[in-house]
Amino acid sequence: MVDFSLKNKIALVTGASHGIGFAIAEAYIKAGATVVFNSSNPESLERGLKAYKEKGLDVRGYVCDVTKEDQVAQLVSTIEKEIGTIDILVNNAGIIKRIPMCDMSVNEFNQVIDVDLVAPFIMSKAVIPGMIKKGHGKIINICSMMSELGRETVSAYAAAKGGLKMLTRNIASEYGEYNIQCNGIGPGYIATSQTAPLRELQPDGSRHPFDAFIISKTPAARWGTPEDLMGPAIFLASDASDFINGHILYVDGGILAYIGKQPK
Ligand code: NAP
Ligand code: GCO
C-alpha cells in the first residue's frame, strides 16, 4: 500500500512562522509528524507560536538565523538531543529584493544569495550526517519560477533559486546512495507577505498591474495559496516518493507550460 503518512517522523521546516513554511508545517503536523520550525528573530517566533496555538497545532519553535552556521549547528544539535534525528528538512526560509540589477549593490546581491542559496547548503550539511546514520532522509528545497525564468529586478533571487535547483540535484547525486532524497518544490506566484507588494491595490482602487499580469500568465487564472503546497510537500516527505530524487516539482497553476494568451 502507498504510504503518505508522516507518523513517527521528525521534520524541521525553516522560516515557518507564516506563509508557505507555516502551511507546510501545518500539513506535516496533520500528517502525523513531530514538527520543529525556526524564525529569524524572537518577535516573529512569538507570532508564529501564537498562530500555531490558535489552530490547535502542536509545534516547537526556535530562533535561528539560517545564514549563521553556528546557530544552525546549535539548532540541529538541540533537536537531536531533545526530540531525535531529523527525518525531513524543508529549506523554506527565503527573501527577495526587487532592484534593477545595475542599481543593486554587491552587498544586497549577497544578502539574497546568503539566505536563499548558502543557507540551504548550511542547513543540509548540518542534517545529512544524522540522516546517513539513521539510514534515510528527505530534503525539500523551496525553489521558484525563477529557478527557470528571469524577469526585471530579481537578478539575485533568480541566481539563488537557479542555484538552489542545482544544489538539489547535487545533494541527490551525492547522497542518494544513503537513501536520502533531495527534491525541490517550485511554487508559482503564491499570495504571501513576499508577494504582497505585487498585489497591492492602486490608489484609485484598481488592481496592481502585476496582479493582472500574473493572472494572465497562469492557466489556473489565480494566485496560488500556501495551502496549494501542502499535498506536494507531504508527497515529497513521505515514503511514497522514495524513488524520486533530484526532481523539481513545479506547483504553479501551469505557468511554466504556458506561452501566454494569444492575441485576439
Ligand atoms: P514569507 O512569508 O516572507 O516567508 C519567508 C520566511 O523566511 C519567513 O518566515 C522568514 O522568517 C524566513 N526567513 C527569512 N530570512 C531568514 C533567516 N535569515 N533566518 C531564518 N528565517 C528566515 O514568504 P513566503 O512566500 O512564504 O516564502 C517562503 C519561501 O517560498 C521562500 O524561500 C520564497 O522565496 C519561496 N517562494 C515564494 C513564492 C511566492 O510567490 N510567495 C513563490 C516561490 C517561492 P521570519 O519572519 O521569522 O524572519
Ligand atoms: C517576483 C516574485 C517571485 C515569486 C516566486 C515565483 O518578484 O517575481 O516574488 O519571485 O515570489 O518565487 O515562483
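Data block above holds the structure.
Residues numbered from 1 in each chain as written. Chains lettered and ligands numbered in written order. Predicted model: local features only at pLDDT ≥ 70, side-chain atom pairs only at ≥ 80, totals over all residues. Heavy atoms only, no water.

1. As for the state of the cysteines
One pass over the full model with this rule turns up zero disulfides. Lacking any disulfide linkage, C64 is separated from the closest cysteine sulfur, that of C182, by 18 Å. Given the relative accessible area of 1%, C64 is considered buried. Not engaged in a disulfide, the cysteine C143 finds its nearest cysteine sulfur in C182; these two sulfurs lie 8.4 Å apart. (Disulfide = S-S within 2.5 Å. Buried < 20%, exposed > 50% of the residue type's maximum accessible area, 1.4 Å probe, protein only.)

2. Structural notes on the environment of Y250
Here Y250 shows up in strand β7 (residues 248–251). Here the alpha-carbon distance between Y250 and I142, two residues 108 residues apart in the chain, equals 10.0 Å. Those residues in contact with Y250, other than ones at most four positions away along the chain, are S144, M145, S147, E148, K165, G186 and L256. A polar side-chain atom of Y250 sits 2.7 Å from a polar atom in the side chain of E148. (Helix = DSSP H or I, 4+ residues; strand = E, 2+ residues; numbered from the N terminus. Contact = heavy atoms within 4.5 Å. Polar contact = N/O pair within 3.5 Å; in protein donor to acceptor, adjacent residues only side chain to side chain.)

3. Some words on helix α1 (residues 19–30)
The periodicity of an α-helix, 3.6 residues per turn, causes residues three or four positions apart to be oriented the same way. Counted at 1.5 Å a residue, the expected span for α1 with its 12 residues is 16 Å, and the 17 Å between its end C-alpha atoms agrees. Buried residues of α1: I20, G21, F22, A23, I24, A25, E26, A27, Y28 and I29, and no others. Positive backbone phi, approximately 105°, marks G32, located one or two places after α1. (Expected span 1.5 Å × (residues − 1).)

4. Quick word on the sheet that holds strand β1 (residues 10–14)
Across the sheet, seven strands lie side by side as β3-β2-β1-β4-β5-β6-β7; this open sheet has parallel pairing. At either margin of the open sheet sits one strand with a lone partner, and together these are β3 (60–63) and β7. Taken over all neighbouring pairs, the strand axes of this sheet differ in orientation by 20° on average, direction set aside. Sitting on the sheet, α1 is in contact with β1, β2 (34–39), β4 (88–91), β5 (137–142) and β6 (180–187), with an inclination near 170° to β1. Its contacts with the sheet put helix α3 (residues 69–82) on β1, β2 and β3, and the angle it makes with β3 is roughly 150°. (Pairing = 2+ DSSP bridges. Axes fitted to C-alpha atoms, helices over the stretch in contact; angles between N-to-C directions.)

5. Observations concerning the site of ligand 2
Neighbouring ligand 2 are 14 residues, the closest being R98, R151, Y157, Y189 and Q194. S144 is positioned with one of its side-chain polar atoms (N or O) 2.7 Å from an oxygen atom of ligand 2. Residue Q194 places a side-chain N or O atom 2.7 Å away from an oxygen atom belonging to ligand 2. In isolation ligand 2 offers 330 Å² of accessible surface; the protein chains occlude 97% of this area. (Near = heavy atom within 4 Å. Areas by Shrake-Rupley, 256 points an atom, 1.4 Å probe, with all protein chains shown as cover.)

6. Overview of the nonpolar core
The nonpolar side chains of soluble globular proteins are, as a tendency, buried together. By size, the foremost hydrophobic cluster in this structure holds 33 residues, and its most contacted members are Y28, V35 and Y52. Ranked by residue count, the leading element in this core is α1, at eight residues. If sequence neighbours within four positions are ignored, Y52 has contacts with A16, G21, F22, A25, I29, F37, L57 and V59. With 27 residues, the next largest nonpolar core counts V76, I86, M131 and I139 among its residues. (Core = buried A, V, L, I, M, F, W, Y, C linked by side-chain atoms within 4.5 Å.)

7. Quick look at the packing of aromatic side chains
Two measures describe an aromatic ring pair: the distance that separates the ring centres and the angle between the ring planes. One pass over the full model with this rule turns up seven aromatic pairs. Ring geometry for F22 versus Y52: centroids 4.2 Å apart, planes at 35°, classification tilted. Here F22 is found in helix α1, whereas its partner Y52 is found in helix α2 (residues 42–54), with 30 residues between them in sequence. Classification of F22 by relative accessible area gives buried; the value is 12%. (Phe/Tyr/Trp six-rings, centres within 6.5 Å; stacked < 30°, edge-to-face > 60°.)

8. Considering the pattern of salt bridges
Under the counting rule described, the total for this entry stands at 12 salt bridges. E26 is the salt-bridge partner of K30, the closest N and O atoms lying 2.6 Å from each other. Pair noted here: K30 and E26 are both in helix α1, with a separation of four residues, about one helical turn. Salt-bridge contacts for D211 lead to R207; the nearest nitrogen and oxygen are separated by 3.1 Å. The buried category is assigned to D211, whose relative accessible area is 7%. Linked through salt bridges whose partners overlap, the residues forming this network are E26, K30 and K55. (Salt bridge = Lys/Arg side-chain N within 4 Å of Asp/Glu carboxyl O.)

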